[in-house]
Amino acid sequence: MQHDAVIVGGAFAGLAAATYLARARRRVCVIDAGQPRNRFAEASHGFLGSDGSDPASILARARAQLAAYPGVTFVEGEAASASVRGDGFAVSLASGEEIAAQKAILAFGLRDTLEPIPGLAERWGRTVLHCPYCHGFEFSDRPLGVLFRTPMSVHQACLVAEWGPTTLFLNGADLAPDSAEMLARHGVSVEQGRLTRLVGEGSALSGVAFADGRARAVEALYVAPQSCLASPIAGQLGVAIDEGPIGPIVRTDADRMTTVPGLYAAGDIARAPHSVSWAVADGVTAGTSLHRALVFGG
């Protein structure tokens with residue numbers, strides 16, 4: 001085998017796993033397509049010691065620190081396919097290059113699909129957001145909105161109301177009576193009409209416009225986008241995949257091993273909810289679990 005471990009994905013989970021394996025003096029290859037899920041965000045919040053930092057800068061520092069370890073190899077490119085080969089794994093890149101390793105970690109992340117409302121995608125990660133813990137404080141006490149997509153959007157709206165006056169935009173959907181009661185208890189107002197566009201200068205958000213000509217002031221809009229795995233290789237390797245609240249989740253145990261022996265998964269593809277802190281923690285768990293398996297077998 002070329003490597004002890006190959007890691008598909010070089011963002012927060014993948015780099016955390018690689019760091020712990022590198023410190024265990026193992027040969028690690030990190031394959032990275034350079035498309036981290038939070039690349040649209042100006043700042044990452046809540047990550048200890050890096051609160052408010054540009055996520056790209058955090059990753060750049062992590063890569064530079066990891067590169068100092070002699071057993072680490074970085075490969076820039078997309079993992080096109082993967083297979084179990086003998087007692088290990090083989091990952092083929094779109095370029096045709098093949099990486100072989102005893103064990104593997106999947107950390108390639110998710111891809112989000114947003115509602116096709118004009119002005120929504122352009123503000124994603126700036127004023128159209130997914131997590132109030134990650135971005136809510138910066139919009140404290142301003143008019144906030146939540147875009148209804150599934151019944152879980154009701155719970156999202158009740159949570160967002162902790163940060164400021166909140167409106168749930170049903171966008172033409174129907175609301176169950178018990179949901180209406182819950183929203184009222186949390187002080188969330190409800191708008192039934194269909195949205196036609198978001199308005200504001202640049203990436204700033206000042207309001208939403210309705211099909212009937214009305215408008216409502218909003219400075220941050222929270223959404224729960226539909227997500228999908230950013231790579232097909234988990235399915236190619238035969239791992240069990242469960243349906244989570246916003247999309248598929250690779251099934252793992254407490255050690256972050258998938259249902260395929262020797263194959264681990266970490267980060268957003270293997271959990272819900274999501275954050276940089278959780279991705280790093282899961283990467284550490286996957287990396288140290290993989291190392292113990294190399295030492296003791298498994």
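For the structure itself, consult the block above.
The model shown is predicted, which means the values in this text are computed figures rather than measured ones.

## Regarding the sheet that holds strand β13 (residues 207-210)
Across the sheet, which stays open at both edges, the 3 strands sit in the order β12-β13-β14 with antiparallel pairing between neighbours. Strand pairing shows two members of the sheet lacking a second neighbour, β12 (195-199) and β14 (215-217), which therefore form its edges. In this sheet, adjacent strand axes meet at a mean angle of 20° when their direction is disregarded. By the bridge criterion, 3 bridges tie β13 to β14 in an arrangement that is antiparallel. Looking at the pairing, Gly207 lines up with Ala217 of β14.

## Digging into the sheet that holds strand β11 (residues 189-191)
Taken together, 5 strands build an open sheet; the order of strands is β8-β15-β9-β10-β11 and the sheet is parallel. Every other strand in the sheet has two partners, leaving β8 (128-129) and β11 as the edge strands with one partner each. Bridge count between β8 and strand β15 (residues 220-222): 2 bridges; the pairing is parallel. The partner of Val128 across the bridge, within β15, is Leu221.

## A word on unusual backbone geometry
Residue Pro273 is bonded to the preceding Ala272 through a cis peptide linkage, with omega at 0°. With respect to the helices and strands, Pro273 occurs in the loop between β19 (263-265) and α7 (276-296). Positive phi, close to 65°, is recorded for Arg25, a residue that is not glycine. Phi is positive for Arg256, which is not a glycine, with a value near 70°. Structurally, the position occupied by Arg256 is in the loop between β18 (248-250) and β19. Judged by its relative accessible area of 14%, Arg256 is buried.

## Quick notes on the pairing of β13
Here β13 shows two buried faces, one formed by Gly207 and Ala209 and the other by Val208 and Phe210. Judged from the 4 bridges that link them, β12 and β13 form a sheet pairing that is antiparallel. When the sheet's bridge partners are listed, Leu198 is paired in β13 with Val208. Here β13 folds back onto β14, and the loop between the two strands holds 4 residues, one of which, Gly213, carries a positive phi near 95°.

## Examining the packing of helix α4 (residues 152-160) against helix α5 (residues 177-185)
Where α4 contacts α5, the axes come no closer than 9 Å and their chain directions differ by 5°. Considering their axes alone, α4 and α5 lie roughly parallel with respect to each other. Together, Val154, His155, Ala157 and Cys158 of α4 and Ser179, Met182 and Leu183 of α5 make up the contact between the two elements.

## As for the packing of aromatic side chains
All told, the structure shown has 3 aromatic pairs when counted by the stated rule. Where Phe12 meets Phe47, the ring centres are 6.5 Å apart and the plane angle is 80°; that geometry is what we call edge-to-face. Placement of the pair is Phe12 in helix α1 (residues 12-23) and Phe47 in the loop between β2 (28-32) and α2 (55-67), with a sequence separation of 35 residues. As far as the burial class goes, Phe12 and Phe47 line up, both buried. Ring geometry for Phe169 against Phe210: centres 6.0 Å apart, planes inclined by 45°, an arrangement best described as tilted. Remark: Phe210 occurs in strand β13 and Phe169 occurs in strand β10 (residues 166-169); sequence separation between them is 41 residues. Exposure class is identical for Phe169 and Phe210. Each is buried.

About the thresholds
- Residues numbered from 1 in each chain as written.
- Predicted model: local features only at pLDDT ≥ 70, side-chain atom pairs only at ≥ 80, totals over all residues.
- Heavy atoms only, no water.
- Pairing = 2+ DSSP bridges.
- Helix = DSSP H or I, 4+ residues; strand = E, 2+ residues; numbered from the N terminus.
- Axes fitted to C-alpha atoms, helices over the stretch in contact; angles between N-to-C directions.
- Buried < 20%, exposed > 50% of the residue type's maximum accessible area, 1.4 Å probe, protein only.
- Parallel < 35°, antiparallel > 145°, perpendicular 65-115°, else oblique.
- Contact = heavy atoms within 4.5 Å.
- Phe/Tyr/Trp six-rings, centres within 6.5 Å; stacked < 30°, edge-to-face > 60°.

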